[in-house]
Amino acid sequence: MKVSCGFCGRTYEASSGLENAFREWRSRRLRYGRLTCEKCGKNGPLDIRAARIHQPVAGPPPNQYRCPVSHCDGWVEHVKWRAKKIWRCGECGGEWATQADLFAHLEAVMKRYPYRKKVYRRVKDGWESVKLTEEPSNYEERVYKEPFEDEPHLPRTRAKPRA
Ligand SMILES: [Zn+2]
Ligand SMILES: [Zn+2]
């Protein structure tokens, strides 16, 4: 399997240790991680599906958000799912019918776990993700300390609809 690095521009065959790591990340359906390039030694955000280490300027593509479900460090994307377009987290299976629902949930999780505010940024019409390099390096670690949500599809953190 080949890995490419945005720092040094090299594409090379991953070591067997790295191959195993990729296998595990993919089985957990993780989208992003961090990796130290085996050629230049620089550490940066890793796009696991593309096997590419980003340079610090790179960020998550637009319309992707860290999943707001407790204990989930996955990414929510706007995807086609059973003939509908919905917002869905590939890791926990959380679903939101509209972006407004998703944003309400982001706001609820930020109230519940204030450290999560560091991965979102307020914009004119809602929220955007910060660049991967701006995320706290212990983000995943902290997420894993949160309790599991009993029912990710109906999260307890969901904001009450405004009257
Ligand atoms: Zn490199
Ligand atoms: Zn999730």
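The structure this text deals with has already been given above.
J.: Even after reading the chapter, I still don't get the environment of Thr-133, so can you show me in this structure?
T.: Positionally, Thr-133 belongs in the loop between strand E11 (126–129) and helix H3 (139–145). Once the C-alpha coordinates of Thr-133 and Arg-34 are considered, the two residues, 99 residues apart in sequence, prove to be 9.6 Å apart.

J.: I tried to follow the environment of Gln-99 on my own but got confused; where do I start?
T.: Within the secondary structure, Gln-99 sits in helix H2 (residues 99–112). Taking the C-alpha atoms as reference, Gln-99 lies 9.8 Å from Trp-127; in sequence the two are 28 residues apart. When residues no more than four places from it in sequence are discounted, the contact partners of Gln-99 are Trp-87 and Gly-126.

J.: Honestly, the sheet that holds strand E8 (residues 84–89) in this entry has me stumped. Any pointers?
T.: What links the strands of a sheet is backbone hydrogen bonding, and the strands pair in either a parallel or an antiparallel sense. Taking strand neighbours across the sheet as the criterion, the four strands line up as E6-E7-E8-E9 in an open arrangement whose pairing is antiparallel. The two strands at the open ends of the sheet, each matched to only one other strand, are strand E6 (64–66) and strand E9 (95–96). As defined by bridge partners, E8 adjoins E9 across two bridges and the pair is classed as antiparallel. Among the inter-strand pairings, Arg-88 is bridged to a residue of E9, identified as Glu-95.

Rules used throughout
Residues numbered from 1 in each chain as written. Chains lettered and ligands numbered in written order. Predicted model: local features only at pLDDT ≥ 70, side-chain atom pairs only at ≥ 80, totals over all residues. Helix = DSSP H or I, 4+ residues; strand = E, 2+ residues; numbered from the N terminus. Contact = placed C-beta atoms within 7 Å. Pairing = 2+ DSSP bridges.

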